Amino acid sequence: MIEAIQGDITKLDIDAVVNAANKTLLGGGGVDGAIHRAAGPELLAACREFGGCETGAARITPGFRLKARWIIHTPGPVWRDGEHGEPELLQSCYRSSFKLAREAGAKSIAFPNISTGVYGYPKADAARVAVGVMREENGNFERIVACCFDAENLGLYRDLLEGGE
Ligand code: ADP
């Protein structure tokens, strides 16, 4: 089942939470900052071990102080003009995150709207990419959540999910 909700991803009772990280994996603003604050300093210590991560790839850590058992960190693409591989990289973020979640044994997973904050990816285009990969993976999970922070994203996801597009 795929569902779109509006809320703070750090509060969810779910197996795995995905973090829209940056390539350093050392924390930042937006959802990344919120996840690090909620998970506690052990998260930063765990992330240091990776020595960074390429855009479109992903790394998994424990959830520490979150309810979630795992946090999956994926640096999304910075939007330039759409002609610099942004769609493929964003798709790769979702695919890489799902793969790590499957390998860990997660049955439920929540995603923020990766790259649609400071990275500037157009929200409607990003939602289409996200829902496309969520549909590919739907059979592998009991619950897939698009955790939207703003009403605009919630509306976009609900339209895509209801429309069956
Ligand atoms: P990026 O650098 O990938 O654009 P941002 O964190 O700036 O990452 O934004 C990604 C999305 O996460 C945005 O839609 C933003 O509104 C949303 N967001 C910010 N804080 C939270 C939160 N606590 N829970 C869920 N989503 C959040």
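Look up a bit, the structure's there.
Bear in mind that the values here come from a model prediction, so they are computed numbers and not experimental data.

The next thing to look at is unusual backbone geometry. At F64, a residue that is not glycine, the phi angle is positive and equals roughly 50 degrees. Along the chain, F64 turns up in the loop between β3 (59–62) and β4 (70–75). Owing to a relative accessible area of 32%, F64 belongs among the partly exposed residues under this scheme. The phi dihedral of S115 is positive, around 75 degrees, even though this residue is not glycine. Relative to the helices and strands, S115 resides in the loop between β5 (108–111) and α4 (123–137).

Before going further, it helps to spend a moment on α4. End to end, α4 covers 21 Å across 15 residues, agreeing with the expected 21 Å (1.5 Å per residue, within 8%). All of the buried residues in α4 are A126, A127, V129, A130, V131, V133, M134 and E137. Contacts made by the buried residues of α4 are with β1 (2–6), α3 (86–104), β5, β6 (143–148) and α5 (151–163).

One number sums up the size of the largest pocket: a volume of about 530 Å³. Lining of the largest pocket is provided by 28 residues; of these, A20, G30, V31, D32 and G117 occupy positions nearest its centre. When residues of the lining of the largest pocket are assigned to their parent elements, the largest contribution, five residues, is made by helix α1 (residues 30–39). A class-by-class count of the residues in the lining of the largest pocket yields eleven nonpolar, twelve polar and five charged.

What counts, and at which threshold
- Residues numbered from 1 in each chain as written.
- Predicted model: local features only at pLDDT ≥ 70, side-chain atom pairs only at ≥ 80, totals over all residues.
- Heavy atoms only, no water.
- Helix = DSSP H or I, 4+ residues; strand = E, 2+ residues; numbered from the N terminus.
- Buried < 20%, exposed > 50% of the residue type's maximum accessible area, 1.4 Å probe, protein only.
- Expected span 1.5 Å × (residues − 1).
- Contact = heavy atoms within 4.5 Å.
- 1 Å grid on protein atoms, 1.4 Å probe; cavity = no way out; pocket = protein on both sides within 12 Å on 5 of 7 lines; lining within 4 Å.
- Points joined across faces, edges and corners; volume = space filled by probe spheres on them.
- Nonpolar A, V, L, I, M, F, W, Y, C, P; charged D, E, K, R; others polar.

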